[in-house]
Protein chains: 2
Amino acid sequence: MLVLSSPSGAGKTTLSRRLLAQDGAITMSVSATTRAQRPGETPGTDYDFVSLSDFEARIAKDDFLEHALVFGHRYGTPKGPVAAALGEGRDVLFDIDWQGTQQLRERARDDVVSIFILPPSRAALEQRLHTRAQDSQKTVAARMAKADDEMSHWAEYDYVVINDDLERCLAEIVSILKAERLRRHRQTALSDFVRGLMKG
Amino acid sequence: MLVLSSPSGAGKTTLSRRLLAQDGAITMSVSATTRAQRPGETPGTDYDFVSLSDFEARIAKDDFLEHALVFGHRYGTPKGPVAAALGEGRDVLFDIDWQGTQQLRERARDDVVSIFILPPSRAALEQRLHTRAQDSQKTVAARMAKADDEMSHWAEYDYVVINDDLERCLAEIVSILKAERLRRHRQTALSDFVRGLMKG
């Protein structure tokens, strides 16, 4: 389970899409949310758009690996698809905030690898939020406050990358994923392999 | 501190040389040894060749980060050059066996990243040892026994790579080194950087 967190505007969505496009062994976890669909978003691919009552019923059924409240909207990761992907030996990519990451870490510490993506500067972050046409001035201010809240949790993550260059940052995330797959405890067939080596 | 261990004949020396040639930020730790110099070896580059009395005097002075006995010869890592390289912000590569790795891990657990290199098959390992012209038949048998001893410690390492293809194996080691440099606790300037991001 690979978690990418960042303040909004640090390029996380682009990095996630690029990673998914070039690595066939990792699947995106699609969150459920009570917020309204935005232009350009595809239900079932970007989010599952659900009602608040549906969301609350699923919390009651313990159907979420993690859930969080952001700007008055609920976001949650349904357990089923994650369990299915992991069961097939696939890795799962999570685009969740610090609240969700804390919950995921509590549930499955050894299986979670977390990366925090930082913007190169505050000016770059502000500009990214301003040029998103759909965000009003007031929304930008609220998002900057949320960005500060998110960034205050950077030290809870395993890895930190700085997105000053998209290609370099993507290569760093790819290296982390590649390295973590080589961790001894993740290579479940190694015991048999070494036994074969030693027996001759 | 990056440790590469493997049974003799798994390609560790070639991998180390290639890594050092392409990564300017890592320095090889040169071990002191009491064994005789072999053809093609350069004193001070491959090993520091020292007398047994000199070696024992240095153990008494606690001059070694780790030391081990292999085939009746002593091998040890002098502290001074390692401390100097780390002090300059450089990484240090160690070509040591499981005994030395255990000692290094005890002294500096959080600063040690260890990789175990496995051969693709027992046949490949035997062939590599046989084709080393300087090894007699008896030496090959002793080295195979030492290889089994070394391989029995694979599960003490952070990462395991299989050297079935030199370029792929090198790329894996490079990814591990790159990822470990991105670990939050190794990026010592991050606190100040994030403080700057949040203050604007």
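Chemist: Help me out: how do you make sense of the overall build of chain A in this one?
Modeler: Per the secondary structure count, chain A includes 8 helices and 9 strands. In summary, chain A has a C-alpha radius of gyration of 18 Å against a globular reference of 16 Å for 200 residues, a match within 12%. Here chain A holds 200 residues, and 30% of them are scored as buried. A separation threshold of at least 6 residues defines the contact pool for chain A, and within that pool the share at least 24 residues apart is 65%.

Chemist: Help me understand the sheet that holds strand β2 (residues 26-28) of chain A in this model?
Modeler: Pairing between sheet strands relies on hydrogen bonds along the backbone, with the strands arranged either parallel or antiparallel. All names here are of chain A. Ordered in space as β2-β7-β1-β8-β9, the 5 strands form an open sheet in which the pairing is parallel. Single-partner strands in this sheet number two, and they are β2 and β9 (159-162). Neighbour-to-neighbour, the strand axes of the sheet open up by a mean angle of 25°, direction not taken into account. Bridge analysis of β2 against strand β7 (residues 91-95) gives 3 bridges, and the strand direction is parallel. What sits directly across from Ile 26, in β7, is Asp 91. Set on the sheet, helix α4 (residues 98-107) makes contact with β1 (2-5), β7 and β8 (113-118); between it and β1 the angle comes to about 160°. The strands touched by helix α7 (residues 166-181) within the sheet are β1, β8 and β9, with β9 carrying the most contacts at an inclination of about 160°.

Chemist: Sorry if this is basic, but what is going on with the nonpolar core here?
Modeler: Inside soluble globular proteins, nonpolar side chains tend to come together where they are buried. Of all hydrophobic cores here, the largest spans 67 residues; its most connected members are Ile115(A) and Ile115(B). Not counting the four nearest positions on each side in its chain, Ile115(B) is found in contact with Val3(B), Leu4(B), Tyr157(B), Asp158(B), Tyr159(B), Val161(B), Ile173(B) and Ile176(B).

Chemist: I'm lost on the interface of chain A and chain B in this one. Help?
Modeler: The extent of an interface is frequently quoted as the accessible surface area lost upon association of the parts. The interface of chain A with chain B comprises 27 residues on the first partner and 26 residues on the second. If you list the elements that add at least two residues to the side of chain A that touches chain B, you get α6 (137-151), β9, α7 and α8 (190-199) of chain A. No other element matches the 5 residues that α7(A) contributes to the side of chain A that touches chain B. The class makeup of the residues in the side of chain A that touches chain B is 16 nonpolar, 4 polar and 7 charged.

Chemist: Explain the sheet that holds strand β7 (residues 91-95) of chain B here, please?
Modeler: All names here are of chain B. In spatial order, the strands read β2-β7-β1-β8-β9; together these 5 strands make up an open sheet with parallel pairing. Two strands in the sheet have a free side with no partner beyond their single neighbour: β2 (26-28) and β9 (159-162). Taking each pair of neighbouring strands and ignoring which way they run, the sheet shows an average axis angle of 25°. Taken together, the 3 bridges between strand β1 (residues 2-5) and β7 define a ladder with parallel strand orientation. Of the residues in β7, the one forming a bridge with Leu 2 is Leu 93.

Chemist: In this structure, what is going on with unusual backbone geometry? I would like to understand it.
Modeler: The backbone of Phe71(A) sits at a positive phi, close to 55°, despite the residue not being glycine. With respect to the element layout, Phe71(A) can be found in the loop between β5 (64-70) and β6 (73-78). If you check the backbone angles, Asp62(B) has positive phi at about 55° while not being a glycine. You can see Asp62(B) is positioned in the loop between α2 (52-60) and β5 (64-70). According to the C-beta neighbour criterion, Asp62(B) is exposed, with 8 such atoms within 10 Å.

Chemist: In this structure, what is going on with the relation of the copies chain A and chain B? I would like to understand it.
Modeler: These two copies of the chain differ by a rotation about an axis and a displacement along the same axis. Overlay of chain A on chain B (RMSD 0.1 Å): rotation 180°, translation along the axis 0.0 Å. Given the turn and translation reported, the copies of this chain are related as if by a two-fold rotation axis. Distance from the rotation axis, computed per C-alpha, reaches its smallest value in chain A at Ser175(A): 2.4 Å. A symmetric contact is evident, with 96% of the interface residues of chain A recurring at the interface of chain B.

Scoring rules and cut-offs
Residues numbered from 1 in each chain as written. Chains lettered and ligands numbered in written order. Predicted model: local features only at pLDDT ≥ 70, side-chain atom pairs only at ≥ 80, totals over all residues. Helix = DSSP H or I, 4+ residues; strand = E, 2+ residues; numbered from the N terminus. Rg over C-alpha atoms; globule rule 2.2 N^0.38 Å. Buried ≥ 20, exposed ≤ 12 C-beta atoms within 10 Å, placed from the backbone. Contact = placed C-beta atoms within 7 Å. Pairing = 2+ DSSP bridges. Axes fitted to C-alpha atoms, helices over the stretch in contact; angles between N-to-C directions. Core = buried A, V, L, I, M, F, W, Y, C linked by C-beta atoms within 7 Å. Nonpolar A, V, L, I, M, F, W, Y, C, P; charged D, E, K, R; others polar. Least-squares fit on C-alpha atoms with pLDDT ≥ 70 in both.

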